[in-house]
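Structure assessment
This is what each chain is made of:
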Amino acid sequence: MAESTTYIAFLRAVNVGGRTVKMERLRELFTELGLGGVRSYIQTGNVFFTTGETDRAALTRRIEEHLAAALGYPVPVMLRTVEEVEALLAAEPFAGHEAGPDVRLVLVFLSEPLPAGYELPRKSPKGEYEVIGADEGTAFVVMHLLGGRMSTNPGAVFGRSYPGQGTGRFLHTTAKILAAAKKA
């Protein structure tokens, strides 16, 4: 029998913009795919599961197709293993930056690496965000609240030149997601 891997599925476009899905239903949809130990964390589309499947791209497509068919709209899925998220947080990608009343630290999980030549760090013209770094699967974004509000979606800061999808999670929330995923 193949060794089982625990994945965290970071879903984009769940429970935003009038698209509502209960976490119980989301867990059912993942279970229908034959994935094991399916659990979720908060209402923003974070699902944990185990599988022996080794082709991550095929697994991602299968999940996305199933969710689109069942929900009636596309739901981009960014899969990461527990170990990958653990390593990401251990690397302290926001060293030298601190969250505060007007600053949010956001991990944007990417479906594709950033394009070659995407210069970092990169600040937005209005100063609402700064992409301070990235690895192959995640961009590290410092959001500056203007008037007490985030004025842009952190998952969409790369514009039309980026061929993939992204979904953002606050740094502190990602740590909580990881802790929940590690529980048996």
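Our subject is the structure that appears above.
Residues numbered from 1 in each chain as written. Predicted model: local features only at pLDDT ≥ 70, side-chain atom pairs only at ≥ 80, totals over all residues. Heavy atoms only, no water.

Describing the overall build of the chain
In plain terms, the rule: Secondary structure follows DSSP: runs of H or I at least 4 residues long count as helices, runs of E at least 2 residues long count as strands, and numbering of each begins at the N terminus. It is over C-alpha atoms that the radius of gyration is taken, and the globule rule equals 2.2 Å times the number of residues to the power 0.38. The buried label goes to any residue with under 20% of its type's maximum accessible area, the exposed label to any with over 50%, and the partly exposed label to all in between, with areas taken from a 1.4 Å probe on protein chains only. Two residues form a contact once any of their heavy atoms are found within 4.5 Å. Note on areas: Shrake-Rupley, 1.4 Å probe, and residue coverage restricted to the protein chains presented here. In this tally, Lys and Arg are treated as positive and Asp and Glu as negative; His is ignored, and so are the chain termini. Think of each charge as sitting on NZ of Lys, CZ of Arg, CG of Asp or CD of Glu.
For the chain, the count of helices and strands is four helices and nine strands. Listed by position from the N terminus, the elements making up the chain come as β-α-β-β-α-β-α-β-β-β-β-β-α. For 184 residues, the compact-globule estimate of 2.2 N^0.38 gives 16 Å, and the chain sits close to it at 16 Å. Seen along its three principal axes, the alpha-carbon backbone of the chain occupies a region of about 50 × 35 × 30 Å. Classification of the 184 residues of the chain by burial places 42% in the buried group. Pairs at least 24 residues apart make up 66% of the contacts formed inside the chain by residues separated by at least 6 positions. For the chain, the accessible surface area stands at approximately 9700 Å², while carbon and sulfur atoms represent 51% of it. Measuring between centres, the 20 positive side-chain charges of the chain sit 8 Å from its 20 negative side-chain charges.

Brief notes about the sheet that holds strand β9 (residues 166–170)
Test applied: Pairing between two strands is assigned when DSSP locates at least 2 bridges connecting them. Fitting a line to C-alpha atoms yields each axis, with helices limited to the stretch in contact; the angle taken between N-to-C directions then spans 0 to 180 degrees.
With antiparallel pairing, five strands are arranged side by side in an open sheet as β6-β7-β8-β5-β9. Strands with a single pairing partner mark the edges of an open sheet, and in this sheet they are β6 (122–123) and β9. Two elements, strand β5 (residues 103–110) and β9, share five bridges in a ladder whose sense is antiparallel. What sits directly across from F109, in β9, is T167. Taken strand by strand, helix α4 (residues 171–182) contacts β5 and β9, and its axis lies near 90° from that of β9.

Observations concerning the packing of aromatic side chains
Centre distance and the angle of the planes are the two values used to describe a pair of aromatic rings. As a reminder, the rule being used: Each aromatic pair joins two rings of Phe, Tyr and Trp (for Trp, the six-membered one) with centres within 6.5 Å, and gets the label stacked for planes under 30 degrees apart, edge-to-face for over 60, and tilted for any other angle. Counting as a charge over the ring demands two things of the Lys NZ or Arg CZ atom: a distance within 6 Å of the ring centre and an angle within 35 degrees of the ring normal.
Counting across every chain of the model gives four aromatic pairs. Plain terms: the ring middles of F10 and F109 are 3.9 Å apart, the flat faces sit at 10° to each other, and that makes the pair stacked. Here F10, found in strand β1 (residues 5–11), pairs with F109, found in strand β5; they are 99 residues apart in sequence, far enough to count as distant. Summarising the burial analysis for this pair, F10 and F109 share the class buried. Each member of the aromatic cluster is reached from another via a ring pair, and the members are Y7, F30 and F49. The lysine or arginine in question, R122, covers the ring of Y118, its NZ or CZ lying 3.8 Å from the ring centre.

Things to note about the sheet that holds strand β2 (residues 36–40)
Reading across from one edge, β2-β3-β1-β4 is the order of the four strands in this open sheet, with antiparallel pairing throughout. Two strands bound the open sheet, and with one partner strand each, they are β2 and β4 (77–81). The sheet shows a mean angle of 20° between the axes of neighbouring strands, taken without regard to direction. Of the strand pairs in this sheet, β2 and strand β3 (residues 46–51) are connected by three bridges, and their pairing is antiparallel. If you follow G36 over to β3, its bridge partner there is T50.

Remarks on the side chain of T51
Put simply, the test is: Think of a polar contact as two N or O atoms within 3.5 Å of one another; within protein, one of them needs to be a possible hydrogen donor and the other a possible acceptor, and neighboring residues in sequence only count if both atoms come from side chains.
Here T51 shows up in strand β3. T51 sits in the buried class, given a relative accessible area of 8%. Looking at T51, its side chain comes within polar contact range of the main-chain nitrogen of E53, at 3.1 Å. Discounting chain neighbours no more than four positions away, the residues touching T51 are E3, S4, T5, Y7, L35 and L59.

What to know about the pairing of strand β8 (residues 138–144)
In terms of burial, β8 is largely enclosed, as six of its seven residues are buried. Where β5 meets β8, seven bridges bridge the pair, whose relative direction is antiparallel. Residue pairing in the sheet places R104 in a bridge with M143 of β8. Sheet topology places strand β7 (residues 129–134) next to β8; five bridges connect them, and they run antiparallel. What sits directly across from V131, in β8, is V141. Connecting β7 to the next strand, β8, in antiparallel fashion are three residues.

Keep in mind these values describe shape, not function.
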